[in-house]
Amino acid sequence: MGFFDFMTEDIAIDLGTANTLIIHNDKVVIDSPSIVARDRVSGKIIAVGKEANMMQGKTHENIKTIRPLKDGVIADFDASEKMISMFIKSIPALKKRMFTPALRMVVCIPSGITEVEMRAVKESCERVNGKEVYLIHEPMAAAIGIGIDIMQPKGNMIVDIGGGTTEIAVIALGGIVCDKSVKIAGDVFTNDIVYYMRTQHNLFVGESTAEKIKIQIGAAIEDLETAPEDMSVQGRDLLTGKPKQVEVSYREIAKALDKSIQRIEDAVMETLSQTPPELAADIYNTGIYLAGGGSMLRGLDKRISQKTDLPVYIAEDPLRAVVRGTGMALKNIPKFKSILIK
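Reading guide: rules and limits
- Residues numbered from 1 in each chain as written.
- Predicted model: local features only at pLDDT ≥ 70, side-chain atom pairs only at ≥ 80, totals over all residues.
- Heavy atoms only, no water.
- Helix = DSSP H or I, 4+ residues; strand = E, 2+ residues; numbered from the N terminus.
- Buried < 20%, exposed > 50% of the residue type's maximum accessible area, 1.4 Å probe, protein only.
- Salt bridge = Lys/Arg side-chain N within 4 Å of Asp/Glu carboxyl O.
- Pairing = 2+ DSSP bridges.
- Axes fitted to C-alpha atoms, helices over the stretch in contact; angles between N-to-C directions.
- Contact = heavy atoms within 4.5 Å.

K.L.:
Looking at this structure, how should I read the side chain of Ser 32?
P.N.:
Looking at the secondary structure, you find Ser 32 in strand β3 (residues 27-33). The buried category is assigned to Ser 32, whose relative accessible area is 10%.

K.L.:
Even after reading the chapter, I still don't get the pattern of salt bridges, so can you show me in this structure?
P.N.:
A side chain of one charge can pair with a side chain of the opposite charge if their charged atoms are brought near each other. Scanning all chains against the criterion turns up 17 salt bridges. Notably, a salt bridge pairs Asp 10 with Arg 104, separated by 3.0 Å at the nearest N-O pair. On the criterion of sequence distance, the pair formed by Asp 10 in strand β1 (residues 8-15) and Arg 104 in strand β9 (residues 102-109) is long-range, its members being 94 residues apart. Looking at Asp 10, the relative accessible area reads 27%, which means it is partly exposed. The closest approach of N and O atoms between Arg 67 and Asp 187, which form a salt bridge, is 3.3 Å.

K.L.:
Explanation requested: the pairing of strand β17 (residues 288-291) in the structure shown.
P.N.:
In regular strands, side chains alternate between the two faces of the sheet. Side-chain alternation along β17 places Ile 288 and Leu 290 on one buried face and Tyr 289 and Ala 291 on a second face that is also buried. Pairing analysis gives four bridges linking strand β11 (residues 156-161) to β17, with the strands arranged parallel. In the strand pairing of β17, Met 157 is matched with Ile 288. In terms of strand pairing, β17 meets strand β18 (residues 312-314) through three bridges, oriented parallel. Residue pairing across strands places Ile 288 opposite Val 312, the latter belonging to β18.

K.L.:
What exactly am I supposed to notice about the sheet that holds strand β4 (residues 36-39) here?
P.N.:
In a beta sheet, neighbouring strands pair by backbone hydrogen bonds and run either parallel or antiparallel. Pairing in this open sheet of three strands is antiparallel, and the strands run β5-β4-β6 from one edge to the other. On the outer flanks of this sheet lie β5 (45-48) and β6 (63-66), each paired with one strand and no other. On average, each strand axis in the sheet is inclined to that of its neighbour by 25°, with strand direction left out of account. Examined bridge by bridge, β4 and β6 share four bridges and lie antiparallel to one another. Within β6, the residue paired with Arg 38 across the bridge is Lys 64. Its contacts with the sheet place helix α3 (residues 77-89) against β4, β5 and β6, and it is angled at close to 60° to β5.

Here it is in structure tokens:
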């Protein structure tokens, strides 16, 4: 076993719809957008991650940008496998190795995922030389990453708002007691903004621009204590066809996102209503934890707090909470045996 151990590398992967993060030797070594660019003629992947992201919406007919994951699950098997493989090959510590080492991996998956989708993730990993592949549910990983002791007989509620899905789960005794996975998350917010700019300002903006708007001035409520400054947005005027610029305020974005956020609130309320009374009592004391990129939307914590009458906490570095938890599970596989799916 000793020699084999020497040959094996451990990595933890958060394979997200929007971003893929990889931890190796307790460090986040990859933090890149989950996107690849493919040459249509040769079928080769020409760019991956940040580089491919910069091409998005700016390609000619010979280049196609693909997001291999949709709604938290693999939509394009071939592209996802190539993407994972390229990310792993670009880990600095593994670059020095002459041949690809065998990998022990823990990968996180959405909780509302089917058997088939689960197998797709597993096979993708096995094809990039994963000898031992464990899967962990996203809300679980988020809880571990936030620093909750999930093995305690205590209820905790996690809301993980990613790119493709929002995962809501009540966790106790190292298991998920009740959960809900809704396909309303960062991507939908971005599309809401595109639609709003189109209908209200007659301005056609691309997804990358809409994402920038979301990050710079996105909000969940219309009266923030510290308001971000208005933002100038450039795009194409739908009436004249000319490029134009408009000023947008955070209040408008809050209006644009209102319906989608309402649906997330409803999902939270529904999960709370399915929670056993003893755990509901715990949650009254512990509150709700938010993780994932969507939790950084200004005023979202306040809004969920007003809706549920519970304290709402945002994880520190919410974008990396899930991958940190996955990394902790990887370091202590025997302890978390019960929650890892082999």
